[in-house]
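Read off the chains here:
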Amino acid sequence: MHLRYLLHAGLAIPQLPFMYLDGKRILGSVPKLPAASGPRGVANLGVGPVFRLLCIGESTMAGVGVATHAEGFAGTLATSLSQRLMREVNWEVHAKNGATARRLLQSVLPQIEAETADLIVISTAGNDAFKLTTPWSFRRDLEEMVDCLQQRYPGTPLAFTNTPPIREFPAFTPLIKRTIGRLVEFHGEQLQRLAEDRAGVFFNHEKITLAGWSKKHQVEGRPDDFFSDGVHPSGLTYRVWARDFAAFL
């Protein structure tokens, strides 16, 4: 891992000035969308005991790209789980647009007041890739996050979502897609190893591609249909992604 990352970083360093210019153009062209509203809800499609779902993460978990969490990842995941479990699912979201794993650990987790949870779902890795966090620093932050959550919620499964498909983002240039896309894949490898090393931790390592998703879920649409702003998911993507993750769970 270290050698492969260092080789990748060595190849990327000469391109940093071009990446900086690309990044400035992207920031100027991508609209600033707010996080979704309504971070709590109930999916009542069953008769069994209440199932408590806690969702934590970065912009995708914050529902950037849709108006409400009910139509975003958390709400759709809760509905899918309720259907599969035949239980009422009470869900709540604690997320921050732009948050790295370190920021989730320091700023988001301390604000969570829920005393119990039956499942905790976490989305991360995207912002760490954008901020060029090294894989080993990312792994350290993940370990601390898992320690914190397992101490607060002993016995509760922790499930990490797929890493974001940065290579598919329409708003990104080929250079950004290639360099940052490869870095998020390194972070995905750390998530996979974490899931293998720690009991009660799970990670959906399937790499998301629009072609693969369209075939797997029989979803038709242009690439832009899957994104709200060229970077964040659209309502269509949140629905497909949440249902796919429910099947993984």
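Position numbers for residues count from 1 along each chain, tracking the sequence in the order it is written. Reporting of local features is limited, given that this is a predicted model, to residues whose pLDDT is at least 70; pairs of side-chain atoms are given and counted only at 80 or more, and all residues count toward the totals for whole chains, interfaces and linings. Remark: hydrogens and water are excluded; side-chain values derive from all non-hydrogen atoms of the structure.

### Thoughts on the packing of helix α8 (residues 210–217) against helix α9 (residues 235–248)
Consideration 1: Interaxial distance between α8 and α9 falls to 12 Å at its minimum, and their mutual angle equals 70°. Judged on the interaxial angle alone, α9 and α8 are roughly perpendicular. Of the two elements, α8 crosses α9, and the hand of that crossing is left-handed. Together, Trp 213, Lys 216 and His 217 of α8 and Thr 237, Val 240, Trp 241 and Asp 244 of α9 make up the contact between the two elements.
Consideration 2: Taken together, the residues of the contact of α8 with α9 sort by class into three nonpolar, two polar and two charged. Note on definitions: angles span 0 to 180 degrees between N-to-C directions of axes, and those axes are lines fitted to C-alpha atoms, for helices only across the stretch in contact. Under the DSSP-based scheme used, a helix requires at least four consecutive residues in state H or I and a strand at least two consecutive residues in state E, with every element numbered from the N terminus. Orientation categories follow fixed angle ranges, with anything under 35 degrees roughly parallel, anything over 145 roughly antiparallel, 65 to 115 roughly perpendicular, and all other angles oblique. Note: crossing handedness is left-handed where the near helix turns anticlockwise from the far helix by less than a right angle, and right-handed where it turns clockwise. When checking whether two residues touch, look at their non-hydrogen atoms; a contact exists if any pair is within 4.5 Å. Throughout this entry, Asp, Glu, Lys and Arg are counted as charged residues, while Ala, Val, Leu, Ile, Met, Phe, Trp, Tyr, Cys and Pro are counted as nonpolar. The remaining residues, Gly among them, count as polar.

### Here we look at the side chain of Glu 58
Consideration 1: With respect to the helices and strands, Glu 58 occurs in the loop between β2 (48–57) and α3 (73–85).
Consideration 2: A simple rule labels every residue: compare its accessible area, found with a 1.4 Å probe on the protein chains alone, to the largest value its type can have, and call it buried under 20%, exposed over 50%, or partly exposed in between. Neither His nor the chain ends is counted toward charge; the positive residues are Lys and Arg and the negative residues Asp and Glu. Put simply, a salt bridge is a Lys or Arg side-chain nitrogen that is within 4 Å of an Asp or Glu carboxyl oxygen. An unpaired buried charge is present at Glu 58: no salt bridge exists, and Lys 131, the closest side chain of opposite charge, is 9.7 Å distant.
Consideration 3: When residues no more than four places from it in sequence are discounted, the contact partners of Glu 58 are Ala 95, Lys 96, Ala 99, Ser 123, Thr 124, Ala 125, Gly 126 and Asn 127.

### Structural notes on unusual backbone geometry
Consideration 1: A positive phi angle, close to 60°, is found at Leu 132, a residue other than glycine.
Consideration 2: We classify Leu 132 as partly exposed; its relative accessible area is 44%.
Consideration 3: For Gln 218, which is not glycine, the phi dihedral falls at a positive 55°.
Consideration 4: Of the residues examined, Gln 218 reaches a relative accessible area of 72% and is grouped as exposed.

### Observations concerning the packing of aromatic side chains
Consideration 1: A pair of aromatic rings is counted whenever rings of Phe, Tyr or Trp (Trp by its six-membered ring) have centres within 6.5 Å, and the orientation is called stacked for planes under 30 degrees apart, edge-to-face for over 60 and tilted otherwise. Under the defined criterion, the tally for this structure stands at six aromatic pairs.
Consideration 2: Geometrically, the ring pair formed by Phe 73 and Trp 241 is tilted, given 4.3 Å between the ring centres and 45° between the ring planes. With Phe 73 in helix α3 and Trp 241 in helix α9, this residue pair connects regions lying 168 residues apart in the sequence.
Consideration 3: Taken together, a centroid distance of 5.2 Å and an interplanar angle of 65° make the contact between Phe 169 and Phe 172 edge-to-face. Across the pair, exposure class does not vary: Phe 169 and Phe 172 are buried alike.
Consideration 4: The criterion is that NZ of a Lys, or CZ of an Arg, lies within 6 Å of the ring centre and within 35 degrees of the ring normal, and then a charge sits over that ring. Lying over the aromatic face of Phe 186, Arg 182 brings its terminal NZ or CZ to 4.0 Å of the ring centre.

### What to know about the side chain of Glu 88
Consideration 1: Structurally, Glu 88 can be placed in strand β3 (residues 87–95).
Consideration 2: At 9.8 Å, Arg 87 is the nearest oppositely charged side chain to Glu 88, a buried residue that forms no salt bridge.
Consideration 3: Looking at Glu 88, its side chain comes within polar contact range of the side chain of Asn 44, at 3.4 Å.
Consideration 4: In this structure, Glu 88 is in contact with Val 42, Ala 43, Asn 44, Gly 46, Gly 48, Pro 49, Val 50, Phe 51 and Ser 82, ignoring residues within four places of it in sequence. We call two N or O atoms a polar contact when they sit within 3.5 Å, provided that within protein one can donate a hydrogen and the other can accept it, with sequence-adjacent residues counted only if both atoms are side-chain atoms.

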